[in-house]
Amino acid sequence: ADVLRTRLALSKAELERVVRHLLVGARAAVEPKLDWLQTRLELDAAQLKRMVVTHPSLLNLGVEETLAPTLDWLQRRLGLDAAQLR
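These numbers come from a predicted model, not from an experiment.

Section: the side chain of Arg40
Along the polypeptide, Arg40 turns up in helix α3 (residues 30–40). Residue classification places Arg40 among the buried positions, given a relative accessible area of 18%. At 2.8 Å, the side chain of Arg40 and the side chain of Gln75 are in polar contact.

Pasting the structure below:
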């Protein structure tokens, strides 16, 4: 929770909303997922915050198992660049 609060500058209400959706096992791996999402989607801090607050369950997904293959598939299937994929 500390990583989410400090890195994304979440309000108390936003933090509670995100943490409420996190599975216990996913909490330890939050920071690498934030790094990966920010890099892969070329997000600035505000965009990353908006994504996590809007879709907190993304942090429950594995990068290699789910996030990377899904984003790669969407990008290829729809012919999107990084900006369009956001």
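Here the narrative resumes.
Describing the side chain of Gln75
Relative to the assigned elements, Gln75 resides in helix α5 (residues 63–78). Every residue in contact with Gln75, bar those within four places of it in the chain, is listed here: Arg40, Leu80, Asp81, Ala82 and Leu85.

Things to note about the nonpolar core
Core analysis: the largest hydrophobic core is formed by 23 residues, its most contacted members being Leu4, Leu34, Leu37, Val52 and Leu59. Among the elements of the structure, α1 (2–8), α2 (12–21), α3, α4 (45–54) and α5 are those that each provide at least two residues to this core. Sequence-distant contacts of Leu59, defined by excluding residues within four places in its chain, comprise Leu4, Val18, Leu22, Ala26, Val30, Lys33, Leu34, Leu37 and Val52.

So, the confidence of the model for the chain
For the chain, the mean per-residue pLDDT works out to 92, and 100% of the residues sit at or above 70. Across the chain, the element-wise mean pLDDT spans from 81 in helix α6 (residues 82–85) up to 96 in α4.

With respect to unusual backbone geometry
One non-glycine residue with positive phi stands out, namely Ala9, at about 50°. Of note, Ala9 is situated in the loop between α1 and α2. Ala9 sits in the exposed class, given a relative accessible area of 54%.

What counts, and where the lines are drawn
Residues numbered from 1 in each chain as written. Predicted model: local features only at pLDDT ≥ 70, side-chain atom pairs only at ≥ 80, totals over all residues. Heavy atoms only, no water. Helix = DSSP H or I, 4+ residues; strand = E, 2+ residues; numbered from the N terminus. Buried < 20%, exposed > 50% of the residue type's maximum accessible area, 1.4 Å probe, protein only. Polar contact = N/O pair within 3.5 Å; in protein donor to acceptor, adjacent residues only side chain to side chain. Contact = heavy atoms within 4.5 Å. Core = buried A, V, L, I, M, F, W, Y, C linked by side-chain atoms within 4.5 Å. pLDDT = per-residue confidence, 0-100.

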